[in-house]
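The lines below spell out each chain.
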Amino acid sequence: ILKKNITLGNDINIGHNAIIDKNTTISSGVKIGGGVEIGKNCELSVGCKFKPNVKITNSVFVGVGSIVTKDFGKSSRIFGVPAKIIRNIKLWVCP
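What comes next is a walk through the structure.

What counts, and where the lines are drawn
Residues numbered from 1 in each chain as written. Predicted model: local features only at pLDDT ≥ 70, side-chain atom pairs only at ≥ 80, totals over all residues. Heavy atoms only, no water. Pairing = 2+ DSSP bridges. Helix = DSSP H or I, 4+ residues; strand = E, 2+ residues; numbered from the N terminus. Buried < 20%, exposed > 50% of the residue type's maximum accessible area, 1.4 Å probe, protein only. Patch = residues over 30% accessible without salt bridge, like charges linked within 9 Å, V, L, I, M, F, W, Y side chains within 5 Å. Areas by Shrake-Rupley, 256 points an atom, 1.4 Å probe, with all protein chains shown as cover. Salt bridge = Lys/Arg side-chain N within 4 Å of Asp/Glu carboxyl O. Contact = heavy atoms within 4.5 Å.

Considerations on the sheet that holds strand 6 (residues 37–38)
Next up, step 1: Across the sheet, which stays open at both edges, the three strands sit in the order 3-6-9 with parallel pairing between neighbours. If you trace the sheet from one side to the other, it starts and ends with strand 3 (19–20) and strand 9 (55–56), each paired once.
Next up, step 2: Sheet topology note: the strand 3/strand 6 ladder contains two bridges and is parallel. Among the inter-strand pairings, Ile-20 is bridged to a residue of strand 6, identified as Ile-38.

Side note on the pairing of strand 13 (residues 84–88)
Next up, step 1: Counting buried positions over the five residues of strand 13 gives zero, only a small fraction of the element.
Next up, step 2: Pairing between strand 12 (residues 76–79) and strand 13: four bridges, direction antiparallel. Directly across from Arg-77, in strand 13, lies its bridge partner Arg-87.
Next up, step 3: Once strand 12 ends, the chain turns through four residues before running back antiparallel as strand 13, passing Gly-80 with a positive phi of about 110 degrees.

Focus on the pairing of strand 12
Next up, step 1: The alternating pattern of strand 12 places Ser-76 and Ile-78 on a buried face, while none of Arg-77 and Phe-79, on the opposite face, is buried.
Next up, step 2: Note that strand 10 (residues 61–62) and strand 12 share two bridges and pair parallel. Looking across to strand 12, one finds that Phe-61 is bridged to Arg-77.

Overview of a nonpolar patch on the surface
Next up, step 1: On the surface, a nonpolar cluster with roughly 250 Å² of combined accessible area is contributed by Leu-2, Leu-8 and Ile-14.
Next up, step 2: Checked against the element boundaries, Leu-8 lands in strand 1 (residues 7–8).

Examining the environment of Leu-2
Next up, step 1: Structurally, Leu-2 is set in the segment before strand 1.
Next up, step 2: Assessed through its relative accessible area of 46%, Leu-2 is described here as partly exposed.
Next up, step 3: As for Leu-2 and Thr-24, which are separated by 22 residues in sequence, their C-alpha atoms are 9.6 Å apart.
Next up, step 4: Setting aside chain neighbours within four positions, we find Leu-2 in contact with Leu-8, Ile-14 and Ile-20.

Right, dumping it as structure tokens:
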């Protein structure tokens, strides 16, 4: 299921029953296994891969070539093989 405002690059694979929420960017060469859930406002960099049935929540950035093998929480920057949190992003909102 692809929701509103999804940007797709070239040569991507999305498995069965994947859910990708709105305002997400998927760069070229990304591979998404079946049953994966991706939250709102995420960015999936070039060549990253998702093992089946993992979930990332809102506002997660996945670095170039990372392999996501487990779930990650809101506002994280994840990188590596396997991916791990490099830092959490603190968003500032006007009152």
